[in-house]
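# Topology and contacts: notes
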Amino acid sequence: MPPDDQNKRSPAAIGYEWVSRVTTVCLEMVLPGIGGQWLDDKWGTNYLALLGLVLGVTVGITHLLAMTKQAERSKKDKNSQD
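Residues numbered from 1 in each chain as written. Predicted model: local features only at pLDDT ≥ 70, side-chain atom pairs only at ≥ 80, totals over all residues. Heavy atoms only, no water.

### Focus: the pattern of salt bridges
Considering all chains together, one arrives at two salt bridges under this definition. A salt bridge links Glu17 to Arg21; its shortest N-O distance comes to 2.5 Å. One end of the pair is Glu17 and the other is Arg21, both in helix 2 (residues 11–43) and four residues apart, which spans about a single turn. Summarising the burial analysis for this pair, Glu17 and Arg21 share the class buried. (Salt bridge = Lys/Arg side-chain N within 4 Å of Asp/Glu carboxyl O. Helix = DSSP H or I, 4+ residues; strand = E, 2+ residues; numbered from the N terminus. Buried < 20%, exposed > 50% of the residue type's maximum accessible area, 1.4 Å probe, protein only.)

Written as structure tokens, this is what we have:
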């Protein structure tokens, strides 16, 4: 998001944006494990839940790091324009 748009938004809108981002990362981490548990129960296996959790945490942390880099980049761009 361009820095000019960030200045026009209310603090509540910015807060809701971050709440949705954090919720997305949490769901990315948890849902693969829940899906793996469901598949374990359905197929009679015992490793898909663990595999889902490992995959979910990996994807979630990668997404979290990408969001952090983007926020830092936006902050640097805003500071360089001031």
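### Describing the packing of aromatic side chains
Where two aromatic rings form a pair, the distance of their centres and the angle of their planes describe that pair. The final tally for this structure, using the stated rule, is zero aromatic pairs. Sitting over the face of the ring of Trp18, Arg21 holds its NZ or CZ atom 4.5 Å from the ring centroid. (Phe/Tyr/Trp six-rings, centres within 6.5 Å; stacked < 30°, edge-to-face > 60°. Lys NZ or Arg CZ within 6 Å of the ring centre and 35° of its normal.)

### Quick word on the environment of Thr58
As for its placement among the helices and strands, Thr58 is situated in helix 3 (residues 48–81). We classify Thr58 as partly exposed; its relative accessible area is 46%. Each C-alpha atom of the pair Thr58 and Glu28 lies 9.2 Å from the other, and the pair is 30 residues apart in sequence.

### Side note on the environment of Gln81
By secondary structure assignment, the location of Gln81 is in helix 3. Taking relative accessible area as the criterion, Gln81 reaches 55% and is therefore assigned exposed. On a C-alpha basis, the gap between Gln81 and Ala12 in space is 24 Å, while along the polypeptide they are 69 residues apart.

### Topic: the confidence of the model for the protein
A residue-level look at the protein finds 90% of positions with pLDDT of 70 or above and a mean pLDDT of 89. The secondary structure element of the protein with the lowest average pLDDT is helix 1 (residues 3–8), at 61, and the one with the highest is helix 2, at 95. (pLDDT = per-residue confidence, 0-100.)

### Quick notes on helix 2
With 33 residues, helix 2 extends 48 Å from end C-alpha to end C-alpha; this agrees with the ideal 48 Å at 1.5 Å per step. Largest kink in helix 2: about 25 degrees, centred on Val30, with the proline Pro32 one to four residues after it. Looking one or two places after helix 2, you find Gly44, whose phi comes out positive at around 75 degrees. (Expected span 1.5 Å × (residues − 1). Bend = angle between axes of the 7 residues up to and from the residue.)

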